[in-house]
Amino acid sequence: MYKILVCDDDREIVEAIEIYLSQEGYQILKAYDGIEALEILEKEEVNLLIIDVMMPRLDGIRATLKIREKNSLPIIILSAKSEDTDKILGLNIGADDYVTKPFNPLELVARVKSQLRRFNELGGTAQEPKEMIYKVGGLQINDDLKQVTVDGEFVKLTPIEYNILLLLMKNQGKVFSINQIYESIWNEEAIGADNTVAVHIRHIREKIEINPKDPRYLKVVWGVGYKIEKA
């Protein structure tokens, strides 16, 4: 059974989320600020975190930053509809997805399932031995081991970042539009996807490029999209 930690200072929202996710068979852990969430993560094996941005003591942004120092579990940010900067900042520091308030509970359930499926596939063991390696210059993905290295040094990516990079590495030289990337990775129609994809691309560059402002690997084709340059 998957354990999901729901963190929001609004207890009614936490209870509502618990009702819907419990119906899907998930075990729900509850926290009401970032400090409580960190304490639970230290003691429990949590499979996914849903966390609000605005909370007392320790907000969702700072909590996510601390969590990402040693935990790669999927994180879904909850934010008020008017706070676009919070969404972008959350993605920038390692959140995998965001849902705006007020939200449709069924949409949240769908996003939880999607993130768990993606994370499980990323960390799962292949049934048959295989060696799926994609390489360009000093950048390499071993998709069998789910490892990324740059010049021999391991790089830690979130599941979303990994899947974006893998998509581009599998199709070296091919330009993908923002909408194509979004629909391939999130498996849903790309509506207002520009900021979401751009944040993840920037985050990937910061991890794999010596100079993210003058990237060697992950190139932008202005007005079209992104590609991994062929060797």
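Residues numbered from 1 in each chain as written. Predicted model: local features only at pLDDT ≥ 70, side-chain atom pairs only at ≥ 80, totals over all residues. Heavy atoms only, no water.

Caption draft 1: Fine view of the overall build of the chain. Summing up its helical and strand segments, the chain has 8 helices and 11 strands in all. On the principal axes, the C-alpha backbone points of the chain span a range of 55 × 40 × 30 Å. Sorting the 231 residues of the chain into buried and exposed places 49% on the buried side. Within the chain, residue pairs in contact and separated by at least 24 positions form 58% of the contacts whose partners lie at least 6 positions apart. The average position of the 30 basic charges and that of the 38 acidic charges among the side chains of the chain differ by 4 Å. (Helix = DSSP H or I, 4+ residues; strand = E, 2+ residues; numbered from the N terminus. Buried < 20%, exposed > 50% of the residue type's maximum accessible area, 1.4 Å probe, protein only. Contact = heavy atoms within 4.5 Å. Lys, Arg positive; Asp, Glu negative; His and termini not counted. Charge placed at Lys NZ, Arg CZ, Asp CG, Glu CD.)

Caption draft 2: Representation of the sheet that holds strand S7 (residues 139-142) in the model. Spatial ordering of the open sheet is given by S6-S7-S8-S9, a layout of 4 strands whose pairing is antiparallel. The open sheet has two edge strands, strand S6 (133-136) and strand S9 (153-155), and neither has a second partner. Across the sheet, the mean angle from the axis of one strand to that of its neighbour is 25°, orientation sign disregarded. Across 4 bridges, S6 lies against S7 in antiparallel orientation. (Pairing = 2+ DSSP bridges. Axes fitted to C-alpha atoms, helices over the stretch in contact; angles between N-to-C directions.)

Caption draft 3: Focus on unusual backbone geometry. In this model, Lys101 is joined to Pro102 through a cis peptide bond whose omega is -10°. Even without a glycine there, the phi angle at Asp151 is positive, about 55°. Its location among the elements puts Asp151 in the loop between strand S8 (147-150) and S9. The exposure class assigned to Asp151 is exposed, which follows from its relative accessible area of 52%.

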